[in-house]
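Here's the letter readout for the chains.
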Amino acid sequence: MKKLLLPLLLAIACFNAYAQELPWDVNGRGLSFVPDYTFKGSSLAGWLAIGTTRWQAANGELTVNPKGGNTLLTTAKSFQDVGINLLIKAQPGAEAGVVVRLQKIADGYKGLLVAIKDSDAASYRITLDAQGKELSRERLRPAGNIIRMAPPAPKEGNEQPPRRNGSRGNRPAGPEGLLARPSTDIVPGDWNQMEVIIDFNIIRKFINDGGDGTGGATEDTDGSFGPIALYASGTGEVKFKDIRYKDLAVRYTPKEESSPHFAPQRISDMFYSFSATIADFNNDGKMDVAAGPYIYYGPDFTHYHEVFFGQTYNPSREFAEVNCEYSFDFNNDGWQDIFIGAAGPPRIYLNAKGESRRWDRYDVVKGGVSEVTVFKDLDGDGKPELVYGQNGAMWYARFDAADALKPWKTVQISAVGYYMPHGIGVGDINSDGRADIINPHGWWEQPAKGQDEGTWKFHSQAFARYGHRSVGGGGSVMAIYDVNGDGLNDIVSSLNAHGFGIGWFEQKRDAAGKISFVNHLIADDYSVNNPGGLAISELHGSNYADIDDDGIPDFIVGKRYWSHLDSYFDPDPYGPPVVYVYKTVRDKKAPGGARFVPELVHNRSGAGSDITVGDIDKNGTIDIVTSTDRGTFIFWNKGKRKK
């Protein structure tokens with residue numbers, strides 16, 4: 001992660017000096033890694049041409065006209081696993097791309113080619129003669145999505161047809177007001193970005209921040225080690241620029257570090273859960289932490305008890321069953337129970353009240369629900385509702401106070417088509433004293449008190465974005481609070497749980513009281529000069545609370561390491577698993593009247609599907625809890641910051 005461990009004062013200085021808004025949209029030109037090399041020169045030094053065609057270098061661009069044949073320009077260094085990111089511009093009639101693992105053989109070369117031609121992009125195995133003339137090519141078979149190793153080739157007769165480059169910009173239209181899905185189509189004759197990731201036996205291509213995600217499978221007979229080569233063929237001029245690459249064989253684990261304002265305590269070494277909750281489960285007056293199947297008892301958190309059958313997950317190949325976990329006394333017996341709110345059927349585990357046994361389970365909502373849920377009081381009666389997505393729509397579920405263990409009443413608040421698995425928030429948007437519901441598509445206005453049937457009024461507003469080759473948009477728990485102190489509630493959220501980006505949405509009202517929002521980008525991917533030098537992908541876990549005791553909520557966010565398992569399906573999957581607090585600082589000189597100052601909480605843990613906050617030790621400061629594939633952690637807040 002670029003400059004991940006900047007000292008806190010330097011990060012703050014960068015934010016103080018920052019005076020302009022970041023661009024909201026990177027226009028299909030993302031970068032998912034910190035490059036080892038970037039071509040910026042006007043010389044071919046360090047490059048080797050194969051064939052007689054002349055290549056030219058000027059101002060960071062490489063140009064060639066293959067004149068009906070094909071030509072290659074290779075790096076001096078060889079790689080096995082590598083990431084390449086570049087821009088390509090090919091005139092009509094030309095094909096252009098990148099060859100990896102270009103291996104010399106007895107009568108020439110073999111390698112793996114990813115190429116753009118007209119409006120199509122595909123991956124091939126190729127052979128060339130000693131002069132670089134292409135002799136053969138074969139399209140690679142699909143490999144699979146959230147895997148690192150492609151399975152063996154199917155038996156003859158079971159082959160799958162080849163797939164075109166997957167633009168996600170031309171899907172059937174859904175309901176009105178949906179979050180816009182940008183086009184990732186190839187634009188013939190113009191600059192198109194290509195990012196290629198070759199790891200083990202899968203090569204993945206991402207064109208203009210899009211791709212089919214399945215990758216192409218390589219075979220043992222393909223090239224296994226060799227230089228990168230720029231490739232051009234056909235008629236017409238081809239240009240390459242912004243050429244960057246990274247050796248993926250070398251990975252990075254940072255020395256463990258945290259803010260001086262936090263004291264990390266790992267209370268479990270194992271992967272059991274993507275969520276945790278805080279409560280006094282044994283009624284001893286001390287707060288405890290429940291994460292997945294276990295309760296860890298305070299104040300030391302060295303003893304733990306199994307609530308339901310628990311076993312560890314393999315983070316390379318398995319997802320945790322528990323995505324969102326909450327606590328509440330559902331049967332009013334004075335003992336806190338555990339509620340699993342996502343992603344399988346929501347269920348209650350009823351407190352055994354000190355008996356040495358596992359707790360009884362009660363399923364209360366039918367069917368699987370969204371990967372992110374929120375458990376908050378919607379109607380002001382002091383009892384929380386579960387807000388979730390299911391069957392293409394947004395819902396909430398309410399329990400009967402007289403018997404919370406029977407099936408809950410479920411209410412569909414949106415039309416079908418507005419479901420998103422990531423990104424949900426609950427808060428008062430229109431200042432009418434009633435909690436509204438938001439997701440990446442916009443916000444739903446809670447009707448007058450007493451209405452418990454029918455859909456809520458929808459207000460379209462993009463509170464997330466697609467891109468960065470993700471299959472969807474939206475983050476985790478979306479924060480609703482007054483960021484800039486103007487009396488209107490704004491929204492802060494990670495923009496893509498499996499991509500990059502943090503943003504805040506400034507609420508505005510016109511003279512008639514009509515509500516709109518202005519987008520402010522807090523941080524983005526490695527192609528952007530982010531304040532503080534921070535680029536963090538897979539921001540699947542978030543929450544908000546006043547961490548620095550200044551009376552203003554702050555945004556807490558973390559990377560879910562190997563969010564789609566041990567694979568390059570998501571960008572930067574091996575980046576350090578960090579947790580950060582983005583402190584809200586009201587500043588009239590900043591865009592929108594506020595800026596966000598990042599403070600590193602920890603760099604060797606990350607987040608799960610959400611982040612839990614609360615005053616565990618009852619010292620007046622908010623502590624942070626995460627449960628991830630690295631274990632379960634408490635980050636003790638040491639107290640007020642110096643102003």
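Residues numbered from 1 in each chain as written. Predicted model: local features only at pLDDT ≥ 70, side-chain atom pairs only at ≥ 80, totals over all residues. Heavy atoms only, no water.

You'll find the protein chain entered in an unreviewed UniProt entry as DUF1080 domain-containing protein, with Mucilaginibacter limnophilus given as the organism.

A. The arrangement of the overall build of the protein chain in detail. The helix and strand tally for the protein chain stands at 1 helix and 43 strands. For the protein chain, whose C-alpha radius of gyration is 26 Å, the value lies close to the compact-globule estimate of 26 Å for 643 residues. Counting only contacts in the protein chain whose residues sit at least 6 apart along the sequence, the fraction spanning at least 24 positions is 60%. Roughly 25600 Å² of accessible area belongs to the protein chain as shown, and the carbon and sulfur atoms make up 50% of that amount. (Helix = DSSP H or I, 4+ residues; strand = E, 2+ residues; numbered from the N terminus. Rg over C-alpha atoms; globule rule 2.2 N^0.38 Å. Contact = heavy atoms within 4.5 Å. Areas by Shrake-Rupley, 256 points an atom, 1.4 Å probe, with all protein chains shown as cover.)

B. Inspection of the sheet that holds strand β8 (residues 108–117) at higher detail. With antiparallel pairing, 7 strands are arranged side by side in an open sheet as β2-β5-β14-β7-β8-β9-β10. A strand with exactly one partner marks an edge of an open sheet, and here the two such strands are β2 (47–50) and β10 (134–139). Between one strand axis and the next, the sheet turns by 30° as a mean value, whatever way the strands run. The sheet contact formed by strand β7 (residues 94–105) and β8 spans 9 bridges and is antiparallel. What sits directly across from E95, in β8, is K117. (Pairing = 2+ DSSP bridges. Axes fitted to C-alpha atoms, helices over the stretch in contact; angles between N-to-C directions.)

C. Region of interest: unusual backbone geometry. Cis geometry is adopted by the peptide bond preceding P299, which originates at G298 and carries an omega value of 10°. Among the structural elements, P299 can be located in the loop between β19 (294–297) and β20 (303–306). Cis geometry is adopted by the peptide bond preceding A343, which originates at A342 and carries an omega value of 0°. As for its placement among the helices and strands, A343 is situated in strand β22 (residues 337–343). For N332, which is not glycine, the phi torsion reads 55° and is therefore positive. Along the chain, the position of N332 falls in the loop between β21 (322–328) and β22. A relative accessible area of 58% places N332 in the exposed class. Its identity is not glycine, yet L565 carries a phi of approximately 65°, on the positive side. (Buried < 20%, exposed > 50% of the residue type's maximum accessible area, 1.4 Å probe, protein only.)

D. How the structure looks around the domain arrangement of the protein chain. Looking at the protein chain, the domain boundaries give domain 1 (37–146 + 174–247) and domain 2 (262–637). Counting residues at the interface gives 17 residues for domain 1 and 23 residues for domain 2. Carbon and sulfur atoms supply 65% of the area that domain 1 and domain 2 bury against each other, a total of about 1700 Å² over both sides. Looking at the side of domain 1 facing domain 2, the largest losses of area belong to I146, L179 and D209, adding up to 39% of the total buried there. Counting across the domain 1 and domain 2 interface gives 0 salt bridges. (Domains from an automatic or database assignment. Buried area = accessible area lost by both parts, 1.4 Å probe. Salt bridge = Lys/Arg side-chain N within 4 Å of Asp/Glu carboxyl O.)

E. Geometry of the pairing of strand β43 (residues 631–637). Burial analysis of β43 places 7 of its 7 residues in the buried class, the great majority of the element. Of the two faces of β43, the one lined by G631, F633, F635 and N637 and the one lined by T632, I634 and W636 are each fully buried. Relative to β43, strand β16 (residues 262–268) runs antiparallel, the two being bridged by 6 bridges. Directly across from F262, in β43, lies its bridge partner N637. With antiparallel pairing between neighbouring strands as the criterion, strand β42 (residues 623–628) and β43 make up a hairpin whose turn holds 2 residues.

F. Geometry of the pattern of salt bridges. Across all of its chains, the model carries 29 salt bridges by this definition. Put simply, R141 and E219 hold a salt bridge, and the shortest N to O gap is 2.9 Å. Of this pair, R141 sits in the loop between β10 and β11 (191–199) while E219 sits in the loop between β13 (216–217) and β14 (226–234), and the two are 78 residues apart along the sequence. A relative accessible area of 17% means that R141 is categorised as buried. Judged by its relative accessible area of 27%, E219 falls in the partly exposed class. Of the charged contacts, one joins D269 and R266 as a salt bridge, the two residues approaching to 3.2 Å between their closest N and O atoms. For D269, a relative accessible area of 54% corresponds to the exposed category. Overall, the relative accessible area of 46% leaves R266 in the partly exposed class. Where salt bridges share partners, they join E95, E134 and R137 into one cluster.

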